[in-house]
Amino acid sequence: MNGLSFGELCCLFCCPPFPGRIAAKLAFLPPDPTYNLTPIDESKAKYLLSFNERAEWPYSEREKENVEGFFTRTSRGNKLSCIYVRCSSNAKYTVLFSHGNAVDLGQMSSFYLGLGLRINCNIFSYDYSGYGMSTGKPSEKNLYADIDAAWHSLRTRFGVSPENIILYGQSIGTVPTVDLAARYEVGAVILHSPLMSGMRVAFPNTKRTWFFDVFPSIDKVSKIGSPVLVIHGTEDEVIDFSHGLSIYEKCPKAVEPLWVEGAGHNDVELYNQYLDRLKKFISVELNN
């Protein structure tokens, strides 16, 4: 019945898990912060961004000048850490990047700079509540409030129009990305190793969305009106490839996906076809 065994059904109905506990168990592993944001003056309008050794910043101080860090406030009262990476003076698009689990902005900054230079896009990103320098605790509700705050900061602080924003979600980052994309029309959406829902990760045979499920992206993607590129490794050991395939099939404006043969959950970016597909999507398909 619905893909679950009799024993699993009994467990679910007799003692259903709390959504917050599912979310915490499946998704949230914030690392110790790898960076710091120190206010430059009393107005706290500008901050000095510094990395520690675990951030593994391979560039010089001059390149770091292209990374602007600041805080914004979410609707749930958390202080959200954000960065804007200026990669190109003639970039048409800015990527609003929602990163994966167990990393923070310090660890992702060098990747953002390298990615933006190669695909000719600026990159805007943020740390989820409880990650990096962001306050609060990670939760599903906070994820949605976090990306809302990031979206409005990108729109108001940097004046980027919705049609020039590409939402990029990786792993757990696909959850807030799908939620936002289902509510706003944007330039495009990239879903990298997406999950259908929390229960479907924990119980792979789940065929429906239960009332206590979390991260129900599979029920939201049909509302996305923007072009969607889905990327997934065929040997993903964390979020099975079937999740990416199902998400792709539900997207009304999905473009040709990128299924990376032999790739796992954390190495898709190492394959040549990853950058090739992103460049084609952004430079050719979106312009057509």
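Given the structure is predicted, the values throughout are model-derived calculations rather than measurements.

A closer look at the pairing of strand β2 (residues 47-51)
Link 1 in the chain: Burial along β2 is one-sided: the face carrying Tyr47, Leu49 and Phe51 is buried and the face carrying Leu48 and Ser50 is not.
Link 2 in the chain: With five bridges connecting them, strand β1 (residues 35-39) and β2 associate as antiparallel partners. When the sheet's bridge partners are listed, Pro39 is paired in β2 with Tyr47.

Some thoughts on the pairing of strand β5 (residues 94-98)
Every regular strand shows the same layout, with side chains that alternate between the two sheet faces.
Link 1 in the chain: Among the five residues that make up β5, five are buried, leaving the element largely enclosed by the rest of the structure.
Link 2 in the chain: Neither face of β5 is open: one carries Thr94, Leu96 and Ser98, the other Val95 and Phe97, and all of them are buried.
Link 3 in the chain: Across four bridges, β5 lies against strand β6 (residues 122-126) in parallel orientation. By the bridge assignment for β6, Thr94 is matched with Asn122.
Link 4 in the chain: In the classification by handedness, the crossover that spans β5, the intervening helix α4 (residues 105-119) and the parallel β6 is right-handed.

Remarks on the layout of surface pockets
Link 1 in the chain: A volume near 660 Å³ is recorded for the largest pocket.
Link 2 in the chain: For the largest pocket, the lining is made up of 26 residues, of which Gly100, Gln170, His265, Asn266 and Glu269 are closest to its centre.
Link 3 in the chain: Those elements giving two or more residues to the lining of the largest pocket turn out to be α4 and α9 (272-285).
Link 4 in the chain: For the lining of the largest pocket, the leading source of residues is α4, giving five residues.
Link 5 in the chain: Each residue belonging to the lining of the largest pocket can be placed in one class, and the counts come to 16 nonpolar, eight polar and two charged.
Link 6 in the chain: Size it by volume and the second largest pocket reaches roughly 260 Å³.
Link 7 in the chain: The wall of the second largest pocket is formed by 16 residues, among which Met196, Arg200, Thr206, Ser242 and Ser246 lie closest to the centre.
Link 8 in the chain: Of all elements in the fold, only α7 (198-202) and α8 (241-250) reach the threshold of two or more residues within the lining of the second largest pocket.

What counts, and where the lines are drawn
- Residues numbered from 1 in each chain as written.
- Predicted model: local features only at pLDDT ≥ 70, side-chain atom pairs only at ≥ 80, totals over all residues.
- Heavy atoms only, no water.
- Buried < 20%, exposed > 50% of the residue type's maximum accessible area, 1.4 Å probe, protein only.
- Helix = DSSP H or I, 4+ residues; strand = E, 2+ residues; numbered from the N terminus.
- Pairing = 2+ DSSP bridges.
- Right-handed = clockwise from strand over helix to strand, strands pointing away.
- 1 Å grid on protein atoms, 1.4 Å probe; cavity = no way out; pocket = protein on both sides within 12 Å on 5 of 7 lines; lining within 4 Å.
- Points joined across faces, edges and corners; volume = space filled by probe spheres on them.
- Nonpolar A, V, L, I, M, F, W, Y, C, P; charged D, E, K, R; others polar.

It is worth stressing that arrangement in space is one thing and function is another; only the former is reported here.
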